[in-house]
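Residues per chain are reported as follows:
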Amino acid sequence: MEPSKRIEEHRRGYDPRQVIRALRESLDGRGRLRLLEGGYRWEAGFRFGEPAREEELEELEARLRLALPGVKVPLPWSYREWLKESNGAVLYRDEEYGQWGYRLFSTGELISKQVKWQATLYDEHWLPSGLVVGELIGGRDTIVLETGEVSEQSGEGIVLYGDCEEKPEEWRAIAHSFGQWLSWLVTAQGAGYWQWFAPQRRGGQSEGEEKGRKRARWKRWPVVVDPRTGERVEAPELGERRRLAAWEREPWGYAERRRYVRRWREQGREELPGGWKRYDLVQVVPREYGGSNEEENLVPVDREVHGWLMVPWWREWEWERGRERRGGSRKEREERSERGREAAEWTREGLKRLKELKARVGPRGKVQVRDEEGQEWEAWMQFGEPAKEAELHWLETELQQRWPELGGRLARGYRELLQVSNGMELYVDGEAGQWGYRLYRAEEVYGKTVSRELAYGSARWPERYLVIGETLGDGDLIVLEMEEGEEWGVIDGDSGYGPEEWKRIAESVGEWLAGLIEHEGRKYWREEEQRRERGLASERGI
């Protein structure tokens, strides 16, 4: 049979639109299906997304070209047709125990999920042309489109079963196309049909290759594309450059970022796929090693790729070279202890200011603030509903299981913060998304913490760090240091340093909030650090 006819026949036989429409017709009014497996009857739940528009698919493909250039685009025909029928879905979810089912990602999640799976589990073993399109509920396995290995039967990339206990190069092919995988899954009533057959490995590596890969993670610079040139961004050669103190570095606040975006637009460059809010401005040579704010040293990088792949790469690079670490002196620790006595008072003050801010702007609104140079700009705020007691109890249960010595309770100030607003965005740059703070919802916090720990490496992650938020535009994190007292200190998760070097900047989340609101969203703790270091340098005659 001619290749074109064979592909056409495959598409007719495994059209995802027909499969999913037939499946929908078989569901009851609640979107459920009763199944029989191994003599056991169970109820499977389904959730379908709205159809993806062609513009959304084109935007996704444009973003993939920049963020994950190894993934072949346009996306395979049957996968595109699936997204146009349901942009994301939950299939065959075990409604009683939640330990089985499939979650297929939407166009808005694909890149984020891809880089997180790569950063947290597989490091340098990742398949550059693989695209994670879904995950199994109740486990860590994934469904992967291998866009670089095209089947003769379908003319599309094959589907791999991403077994978390195997390396990606060992994952086995389970379908000739996404449409075929979906069709066979429905025929098997949601069962993992690929487990019914003997495993067929696609490859492997010799013992010598495996040895060569050990401790090689830091050598693999993330593959990203410069949107200005279409060329790959190469890792800089830093040699033995000295890491600069905070006061010696080029300034990099909202004013500098805004100027870059405006200059980009004045030069008539095309807008980035999905808009600036999806990107961080990254110095190829980091500021801490003398990098400048000149245009040739700045490149827009997808925010997920920057935060999950590039930042950990740099910190691993430093770790391997044994860079001098920073840490608090005994005097600083004594000062912290003294300040800790004022934590309760600061908590009340910070939460009071937050409530006043929420009352002033409502669920979503904007305020006029000033940047580091005194220029006014509009900052957006968005608040959530107060956290329910059940949501807080769930988070406390997760913490109790991992840190039983803390008694399974949240710090008083952080608990009250969530009861004011369960998740929020503060001082967000509405023009280009290059500044602001996002505090996570209660149900996000534990998962975000575990993922970041895996990305940086458990050996380097301080045991009692809890990630509660992130800053927009630079990959920094907002972290609580869990302690046995009533309040937990706030840690500056500076992406320019490894987790073992992050500094404590407040004795409670209330104190941090009070300072943030007083300084109109500026990173006041960095300004204080720069002034302090500049003063010390002046005293030493540097």
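Reading guide: rules and limits
- Residues numbered from 1 in each chain as written.
- Predicted model: local features only at pLDDT ≥ 70, side-chain atom pairs only at ≥ 80, totals over all residues.
- Heavy atoms only, no water.
- Helix = DSSP H or I, 4+ residues; strand = E, 2+ residues; numbered from the N terminus.
- Buried < 20%, exposed > 50% of the residue type's maximum accessible area, 1.4 Å probe, protein only.
- Core = buried A, V, L, I, M, F, W, Y, C linked by side-chain atoms within 4.5 Å.
- Contact = heavy atoms within 4.5 Å.
- Axes fitted to C-alpha atoms, helices over the stretch in contact; angles between N-to-C directions.
- Parallel < 35°, antiparallel > 145°, perpendicular 65-115°, else oblique.
- Pairing = 2+ DSSP bridges.
- Phe/Tyr/Trp six-rings, centres within 6.5 Å; stacked < 30°, edge-to-face > 60°.
- Nonpolar A, V, L, I, M, F, W, Y, C, P; charged D, E, K, R; others polar.
- Salt bridge = Lys/Arg side-chain N within 4 Å of Asp/Glu carboxyl O.

Caption draft 1: A look at unusual backbone geometry. A cis amide bond, omega 5 degrees, links valine 73 with the succeeding residue proline 74. Tracing the backbone through its elements, the reader meets proline 74 in the loop between α3 (54–67) and α4 (77–85). Residue tyrosine 92 is not a glycine yet carries a positive backbone phi of 55 degrees. Turning to its location among the elements, tyrosine 92 is positioned in strand β3 (residues 89–94). A relative accessible area of 1% means that tyrosine 92 is categorised as buried. For glutamine 189, which is not glycine, the phi torsion reads 55 degrees and is therefore positive. Among the secondary structure elements, glutamine 189 is positioned in the loop between α6 (178–187) and α7 (207–213). The class for glutamine 189 is partly exposed, based on a relative accessible area of 40%.

Caption draft 2: Highlighting the nonpolar core. Counting 73 residues, the largest nonpolar core has Tyr79, Trp82, Leu91, Tyr92, Phe178, Trp181 and Trp194 as its most contacted members. Ranked by residue count, the leading element in this core is helix α9 (residues 303–320), at seven residues. Beyond its immediate chain neighbours, meaning those up to four positions away, phenylalanine 178 contacts Ser78, Tyr79, Trp82, Leu104, Val133, Leu145, Glu156 and Val159. Counting 59 residues, the second-largest nonpolar core is a separate cluster that includes Tyr440, Tyr465, Leu480 and Trp512.

Caption draft 3: Geometry of the packing of α4 against α6. Running from N to C, α4 and α6 cross one another at 60 degrees; their axes reach a closest spacing of 7 Å. One finds that α4 runs oblique with respect to α6. The segment α4 lies against α6, with Ser78, Tyr79 and Trp82 engaging Phe178, Gly179 and Leu182.

Caption draft 4: Layout of the side chain of serine 106. Structurally, the position occupied by serine 106 is in the loop between β4 (102–104) and α5 (110–122). We classify serine 106 as buried; its relative accessible area is 16%. Excluding residues within four positions of it along the chain, serine 106 makes contact with Asn87 and Gly88.

Caption draft 5: The sheet that holds strand β17 (residues 489–493), seen in detail. What the eight strands build is an open sheet, ordered β11-β12-β13-β14-β15-β16-β17-β18; its pairing is antiparallel. The strands lining the two open edges of the sheet, one partner per strand, are β11 (364–370) and β18 (503–506). Averaged over all neighbouring strand pairs, the angle between strand axes comes to 30 degrees, with direction disregarded. Sheet analysis places β17 next to β18, joined by three bridges and oriented antiparallel. By the bridge assignment for β18, aspartate 492 is matched with lysine 503.

Caption draft 6: Looking closely at the sheet that holds strand β2 (residues 40–48). The strand order across the open sheet built from eight strands is β1-β2-β3-β4-β5-β6-β7-β8, with neighbouring strands paired in antiparallel fashion. Here the strands that pair on one side only, and so sit at the sheet edges, are β1 (32–37) and β8 (172–175). Averaged over all neighbouring strand pairs, the angle between strand axes comes to 30 degrees, with direction disregarded. Relative to strand β7 (residues 157–162), strand β6 (residues 142–150) is paired through six bridges, and the arrangement is antiparallel. Paired with threonine 142 across the two strands is glycine 162, which belongs to β7.

Caption draft 7: Quick peek at the packing of aromatic side chains. In the structure shown here, the tally under the stated rule is 29 aromatic pairs. Taken together, a centroid distance of 6.4 Å and an interplanar angle of 15 degrees make the contact between phenylalanine 46 and phenylalanine 48 stacked. Residue class for phenylalanine 48 comes out partly exposed when judged on its relative accessible area of 23%. Where tryptophan 221 meets tryptophan 313, the ring centres are 4.8 Å apart and the plane angle is 85 degrees; that geometry is what we call edge-to-face.

Caption draft 8: Expanded view of the packing of helix α2 (residues 16–25) against α4. For the pair α2 and α4, interaxial distance at closest approach is 8 Å and the crossing angle is 40 degrees. Between α2, through Pro16, Arg17, Ile20, Arg21 and Arg24, and α4, the contact on the second element is made entirely by Trp77, Ser78, Glu81, Trp82 and Glu85. Residue composition of the contact of α2 with α4, by class: four nonpolar, one polar and five charged.

Caption draft 9: Looking closely at helix α15 (residues 509–518). Counting buried positions over the ten residues of α15 gives nine, a clear majority of the element. Along α15, the residues that are buried comprise Val509, Gly510, Glu511, Trp512, Leu513, Ala514, Gly515, Leu516 and Ile517. Immediately beyond the C-terminal end of α15, within one or two residues, lies glutamate 520, with a positive phi of roughly 55 degrees.

Caption draft 10: How the structure looks around the environment of leucine 33. Inspection of the secondary structure assignment puts leucine 33 in strand β1. With 59 residues separating them along the chain, leucine 33 and tyrosine 92 place their C-alpha atoms 8.2 Å apart. Leave out the neighbours within four places in its chain, and leucine 33 touches Ser26, Leu27, Trp42, Glu43, Ala44 and Phe46.

Caption draft 11: Examining the pairing of β17 more closely. Extensive coverage of β17 is indicated by the burial of five of its five residues. Every second residue of β17 is oriented toward a common face, with Gly489, Ile491 and Gly493 on one face and Val490 and Asp492 on the other, all of them buried. Note that strand β16 (residues 477–481) and β17 share five bridges and pair antiparallel. Within β17, the residue paired with valine 479 across the bridge is isoleucine 491.

Caption draft 12: Looking closely at the pattern of salt bridges. Inspection of the entire model under this criterion finds 55 salt bridges. Taking the shortest distance from any N to any O, the salt bridge between glutamate 391 and arginine 441 comes out at 3.5 Å. With glutamate 391 in helix α12 (residues 389–402) and arginine 441 in the loop between β14 (437–439) and α14 (442–456), this pair connects stretches of sequence that are 50 residues apart. A salt bridge links glutamate 507 to arginine 504; the nearest nitrogen and oxygen atoms lie 2.9 Å apart.

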